[in-house]
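Here are the chains, one letter per residue:
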Amino acid sequence: MQARLLVIKGKNAGAFVEVNARSAATIGRGDDSSIAMGDPGLSRRHFTVTQENGGFILTDLKSTNGTFVNSERLSAPIPLHHGDIVAAGSSLFEFRVQEDLNEETTRIFLSHEESATQKEETSVGLDLDKSTIMALPQSEADMRQAHRALTTLYKVGNLINAEVDVQRVLKNTMDAVMAHVRADRGTLVLIDRERGTYEPVVVHTGIDDPTMEDPSAEVQPYLSRSILDQVVRQGRAIASNDAMSDERFKAGDSIILQHIRSVLCAPLTAKDKILGAIYLDSTGSVDAFQQPDLELVTAIGLQAGLAIDRAKLIEDLESLFFESIRTIVAALEAKDRYTCGHSERVTMYAVEIARCLNWSEKDLGTLNLSALLHDVGKIGIPERVLLKPGKLTAEEFEVMKQHPVIGAEIIKHLKNAQSIIGGIRHHHERWDGMGYPDGLKGEQIPLMARIIQMADSFDAMVSTRPYRKGLSQDEVLREVERCQATQFDPNIADVFLKLMRSGRIRPLMMKQPHYMEHFQVENEA
């Protein structure tokens, strides 16, 4: 049995190391590591994976920052299983066992149960040896079909396993299914275990659907709860090849009203969990879905389930990271009731401006982090200056002007920090070159910094200080127009003015997050 530890996020993404009885894997920054990671969050020898007694064991090597498996910090060596996500420093690894992959595939395919009295239902269990996909072709047509199915699985696997964003994994899965199976409609359903419901998350309607007068309209899926229950309970794909006469649909009229003739439903499986199902129907004729379709969708369901599970875990880890950042920022701002919640507000304003500029979701995420951390350098400013109730003297202002530099110095030690440093260091530069710390002018200033500067200035204008009241909306509009092309990028200012006049940006009365309330209580005491 052989395993592979794959780097899925970080500077060394795409690198991997094999693990077997003859070769252990050691991860760290040191040159003697199996993969020498350029990650400052890792120790020189951070963790190791070894094969012992037929299984694989991960051991943290007394690292400074710890090792996490599926979001749980290790306190002792633990067994690793196929699909586990390992986090160390700012890097993520996925553990893959080759034998387990084969065993998972073996459980996908055909165990065809058919009764003489119920020919309309086909049930697919999981026996690779009997699958029409893997069986020895008996004819040229069989060979073409097997080649098509295996090619499809290869393409689909590459498509969905390359993604770490949950929504893109879900969409790519349904796009792939609808491209390779002749269905009129398809729905990807996830289980909401807290509410005990099935939630349609992707609904795909073909342009040839005769029941859709307007294909661009929002699609309302028609799903059989009993079919879904059976698939989820048994973990097996099923097809009803004559839905109009199927007893399971007779509780309602939707099948007749929607002209649904055939239904195929396959589970989304991740390890030992059923996450949901792929649900297809056809309005054309009975027997729309054949055995190879059932096997193919079942196989895609297994691949997609593992990809969705992994993407959700990565999403949870990123959410934990952002919540940690927010906690640190809120703790810093808790020292001063007048700046309480400032960074959160600036982030929301900045993201709204960037959305209006059609920034991608990836770039919005980078801006989100940079804006949250734009004032982190104030941690290095003496409290006598930072918390002074009145205006600063010229000497004190020179001290305060160092906070963007201090912030950039702090953040540069984070992995992949280059993308956010510009917004932190330069958010007090001015379009006319009269800002600080570097006196950059015009488009010399990073675009991210120009957006954060606009958002930061707006929050300062509308916030009340001990020495002045916050400005009204009309006063803000006049001030931004006055400072356009001197303090502010004229294009960014134009966008901001439109957003404010339309009501999409307005002053937020945001206080500290609930998890920071105790800091505020201590200050007020």
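Residues numbered from 1 in each chain as written. Predicted model: local features only at pLDDT ≥ 70, side-chain atom pairs only at ≥ 80, totals over all residues. Heavy atoms only, no water.

### Notes on the confidence of the model for the protein chain
Okay, step 1: Of the residues in the protein chain, 74% have a pLDDT of 70 or more, and the chain-wide mean is 78.
Okay, step 2: Counting interchain partners and residues more than four positions distant, the pLDDT-below-50 stretch residues 99-130 has 76 contacts.
Okay, step 3: In this model residues 510-525 is a low-confidence stretch, pLDDT under 50, and it forms 26 contacts with partners more than four residues away in sequence or in other chains. (pLDDT = per-residue confidence, 0-100. Contact = heavy atoms within 4.5 Å.)

### Overview of the sheet that holds strand β11 (residues 91-97)
Paired through backbone hydrogen bonds, the strands of a sheet run either parallel or antiparallel to each other.
Okay, step 1: Strand order across the open sheet formed by six strands is β2-β1-β11-β10-β7-β8, with antiparallel pairing between neighbours. Sheet topology places β2 (16-19) and β8 (72-73) at the edges, where each strand pairs with a single neighbour.
Okay, step 2: Pairing of strand β10 (residues 85-88) with β11 involves four bridges; the strand directions are antiparallel. Residue pairing for β11: V86 is matched across the bridge by F93. (Pairing = 2+ DSSP bridges. Helix = DSSP H or I, 4+ residues; strand = E, 2+ residues; numbered from the N terminus.)

### Let's talk about the packing of helix α11 (residues 403-411) against helix α12 (residues 418-425)
Okay, step 1: At their nearest, the axes of α11 and α12 sit 8 Å apart, and the two run at 165° to each other. Our classification of the angle between α11 and α12 gives roughly antiparallel. Along this stretch, α11 crosses α12, giving a crossing that reads as right-handed. Residues P404, V405, G407, A408 and I411 of α11 form the contact with α12, whose own contacting residues are I420, I421, I424 and R425. (Axes fitted to C-alpha atoms, helices over the stretch in contact; angles between N-to-C directions. Parallel < 35°, antiparallel > 145°, perpendicular 65-115°, else oblique. Left-handed = near helix turned anticlockwise from the far one by under 90°.)

### Overview of unusual backbone geometry
Okay, step 1: Each neighbour pair has its own omega, and for Y436 with P437 the value is 10°, a cis peptide bond.
Okay, step 2: Here P437 lies in the loop between α12 and α13 (447-462).
Okay, step 3: Phi at K62 is positive, roughly 55°, even though this residue is not glycine.
Okay, step 4: Residue placement: K62 occurs in the loop between β6 (55-60) and β7 (67-69).
Okay, step 5: Phi angles above zero are rare outside glycine, and A485 is one such case at about 75°.
Okay, step 6: As for its placement among the helices and strands, A485 is situated in the loop between α14 (473-483) and α15 (490-502).

### What about the sheet that holds β6?
Okay, step 1: Taken together, five strands build an open sheet; the order of strands is β4-β3-β5-β6-β9 and the sheet is mixed. Edge positions in the sheet fall to β4 (35-36) and β9 (78-80), since each of these pairs with one other strand and no more.
Okay, step 2: Here strand β3 (residues 25-28) runs beside β4; their pairing, made up of two bridges, is parallel. Bridge pairing in β4 links I27 to I35.

### Let's talk about the pairing of β11
Okay, step 1: Of all seven residues in β11, six are buried, a share of seventy percent or more.
Okay, step 2: In this sheet, β11 lies alongside strand β1 (residues 3-9) in antiparallel orientation, the contact comprising six bridges. Bridging across to β11, V7 finds its partner in F93.
Okay, step 3: The turn joining β10 and β11, which pair antiparallel and follow one another in sequence, is formed by two residues; a positive phi near 60° is taken by G89. (Buried < 20%, exposed > 50% of the residue type's maximum accessible area, 1.4 Å probe, protein only.)

### Observations concerning the pattern of salt bridges
Okay, step 1: Under the counting rule described, the total for this entry stands at 19 salt bridges.
Okay, step 2: Here D281 and R185 are joined by a salt bridge, their closest N and O atoms 3.2 Å apart. On the criterion of sequence distance, the pair formed by D281 in strand β18 (residues 273-282) and R185 in strand β14 (residues 185-192) is long-range, its members being 96 residues apart. Across the pair, R185 and D281 agree in class, each one buried.
Okay, step 3: Across the salt bridge formed by R450 and D489, the nearest N and O atoms sit 2.7 Å from each other. (Salt bridge = Lys/Arg side-chain N within 4 Å of Asp/Glu carboxyl O.)

### Regarding helix α4 (residues 225-234)
For an α-helix the count is 3.6 residues per turn, leaving residues at separations of three or four pointing the same way.
Okay, step 1: Along α4, the residues that are buried comprise I227, L228, Q230, V231 and V232.
Okay, step 2: Following α4 by one or two positions, G235 adopts a phi angle in the positive range, close to 65°.

### Overview of the packing of aromatic side chains
Okay, step 1: Scanning the entire structure with this criterion turns up five aromatic pairs.
Okay, step 2: Pairing F47 with F93 gives two aromatic rings, centres 5.5 Å apart and planes at 85°, and the pair type is edge-to-face. Of this pair, F47 sits in strand β5 (residues 47-52) while F93 sits in strand β11; the two residues are 46 residues apart in sequence, bridging distant segments of the chain. Each member of the pair, F47 together with F93, is buried.
Okay, step 3: A network of ring pairs unites the aromatic residues Y349, F458 and F496 as a single cluster.
Okay, step 4: Between R4 and the ring centre of F16, over which it is positioned, the NZ or CZ distance is 3.9 Å. (Phe/Tyr/Trp six-rings, centres within 6.5 Å; stacked < 30°, edge-to-face > 60°. Lys NZ or Arg CZ within 6 Å of the ring centre and 35° of its normal.)

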